[in-house]
Amino acid sequence: TAMAMRMAWRGEAQARAARARGSEAEAALTAMAMRMASRRAAGAVAARTEGSALRGARAFSAAGELKMQKKPEKIKHFKIYRYDPEQGGKPTMMDYPVNLNECGPMVLDALIKIKNEQDSTLTFRRSCREGICGSCAMNIDGGNTLACLAHIDDKPTTTIYPLPHMHIVKDLVPDMNNFYDQYKSIKPWLQRKEASKDGKETLQSKADRAKLDGMYECILCACCSTACPSYWWNTEKYLGPAVLQQAFRWIDDSRDQFTEERLDQLDDTFKLFRCHTIMNCSKTCPKHLNPGKAIAKIKNRVLARH
């Protein structure tokens with residue numbers, strides 16, 4: 001060690017000084033004393049090192065024992081809607097117990113754990129896990145929401161259904177074709193009758209841009225539309241909250257030049273005015289948007305033209 005080396009060097013220096021004074025015996029005794037002192041110092045350092053290692057080993061062993069001790073199981077039951085049209089038969093509800101101490105905090109985590117460990121045939125949509133894609137929309141404990149944003153509560157049982165009043169492909173997977181066809185019908189893209197004069201992008205003021213807040217964030221998860229009674233009974237004719245909100249997003253866009261044509265398309269008893277302002281749509285939206293407000297504004301714009 002550094003301490004031992006310094007003491008040895010000091011002893012040799014004193015020995016050389018003693019020899020220079022002509023005292024060989026004194027030099028030998030001094031050198032021997034310094035070597036013994038350096039050995040004692042090295043032994044003390046080694047003892048301290050060994051003690052530290054022993055304490056570290058004991059601490060590591062104790063941590064390992066704590067890690068090996070499992071928490072008591074915290075079982076929660078998930079009752080999940082199961083239906084496979086290809087197999088025939090009626091829909092059923094199946095119960096899956098899940099140990100929450102070995103599961104993530106969201107309902108989607110529980111569904112993935114069930115599929116991976118208990119029943120690989122369980123079918124549901126998922127993708128981003130961050131409330132962005134809208135894939136995992138389903139009915140959880142009676143309310144439409146996203147499984148990736150739904151926190152597992154402390155109740156002993158959670159019931160999971162697919163989005164209500166939709167044709168079911170399998171289990172928790174609804175058929176979204178009609179919903180997307182309705183979205184396509186409103187032409188959800190910027191339409192202009194003339195190009196910008198300078199050939200650059202079409203600009204808008206900050207105030208006009210702010211009008212789009214609360215509409216462009218829609219992720220088309222269909223939670224609002226499938227919570228609407230009017231949409232349940234008139235799915236083929238009524239466009240529903242999600243599509244109408246997206247329609248107004250383009251109607252209210254200052255850069256779009258087909259506003260009148262868009263309003264003409266929506267001036268219909270079923271497409272627009274089948275809405276009875278029940279407001280289930282705004283209550284259930286997992287992104288906290290307000291489709292009911294957008295629909296009311298479309299109605300006002302259409303009625304102002306008559």
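This text goes with the structure placed above it.
An account of the accompanying structure is given in this report. (Residues numbered from 1 in each chain as written. Predicted model: local features only at pLDDT ≥ 70, side-chain atom pairs only at ≥ 80, totals over all residues. Heavy atoms only, no water.)

Quick word on helix H3 (residues 107-117)
Counting along an α-helix, one turn takes 3.6 residues, and residues three or four places apart therefore face a common direction.
Then, number 1: Among the eleven residues in H3, eight count as buried, and that is most of the element.
Then, number 2: Every buried residue of H3 is listed here: Val-107, Leu-108, Asp-109, Ala-110, Leu-111, Ile-112, Lys-113 and Ile-114.
Then, number 3: On its buried face, H3 is in contact with strand E1 (75-82), strand E2 (92-99), strand E3 (137-140) and strand E5 (157-161). (Buried < 20%, exposed > 50% of the residue type's maximum accessible area, 1.4 Å probe, protein only. Helix = DSSP H or I, 4+ residues; strand = E, 2+ residues; numbered from the N terminus. Contact = heavy atoms within 4.5 Å.)

As for the sheet that holds E5
Then, number 1: Spatially, E2-E1-E5-E3-E4 is the arrangement adopted by the five strands of the open sheet, whose pairing is mixed. Pairing within the sheet leaves two strands with one partner each, and these edge strands are E2 and strand E4 (143-146). Ignoring which end each strand starts from, the neighbouring axes of this sheet average 35 degrees apart.
Then, number 2: Across four bridges, E3 lies against E4 in antiparallel orientation. Bridged to Asn-139 within E4 is Asn-144. (Pairing = 2+ DSSP bridges. Axes fitted to C-alpha atoms, helices over the stretch in contact; angles between N-to-C directions.)

Section: the state of the cysteines
Then, number 1: Applying the stated criterion across every chain yields a total of zero disulfides.
Then, number 2: Free cysteine Cys-218: the closest other cysteine sulfur is in Cys-224, separated by 6.2 Å.
Then, number 3: Looking at Cys-218, the relative accessible area reads 18%, which means it is buried. (Disulfide = S-S within 2.5 Å.)

Notes on helix H4 (residues 177-185)
Then, number 1: Residues Phe-179, Gln-182 and Tyr-183 constitute the buried set of H4. Viewed along the axis of H4, the buried residues span an arc of 100 degrees, placing them on a single side of the element. In H4, the exposed positions angled more than 90 degrees off the buried face are occupied by Asn-177, Asp-181 and Lys-184.
Then, number 2: Contacts from the buried residues of H4 go to helix H6 (229-233) and helix H7 (241-251).
Then, number 3: Of the residues one or two after H4, Lys-187 is the one with positive phi, at around 55 degrees. (Arc of directions from axis to C-beta.)

Description of the packing of H4 against H7
Then, number 1: It is at 9 Å that the axes of H4 and H7 come closest, and there the two elements cross at 20 degrees. The angle between the axes of H4 and H7 places the two elements in the roughly parallel class. Crossing hand, H4 versus H7: right-handed. Between H4 and H7, the contacting residues are Phe-179, Gln-182 and Tyr-183 on the first element and Ala-242, Val-243 and Gln-246 on the second.
Then, number 2: Of the residues belonging to the contact of H4 with H7, the class tally is four nonpolar, two polar and no charged. (Parallel < 35°, antiparallel > 145°, perpendicular 65-115°, else oblique. Left-handed = near helix turned anticlockwise from the far one by under 90°. Nonpolar A, V, L, I, M, F, W, Y, C, P; charged D, E, K, R; others polar.)

Observations regarding the pairing of E3
Then, number 1: Here E3 shows two buried faces, one formed by Ala-137 and Asn-139 and the other by Met-138 and Ile-140.
Then, number 2: Counted between consecutive antiparallel strands, the loop separating E3 from E4 contains two residues, among which Asp-141 sits at a positive phi close to 50 degrees.
Then, number 3: The pairing of E3 with E5 spans two bridges and is classified as antiparallel. Paired with Asn-139 across the two strands is Tyr-161, which belongs to E5.

Function cannot be read off these values alone, since they describe shape.
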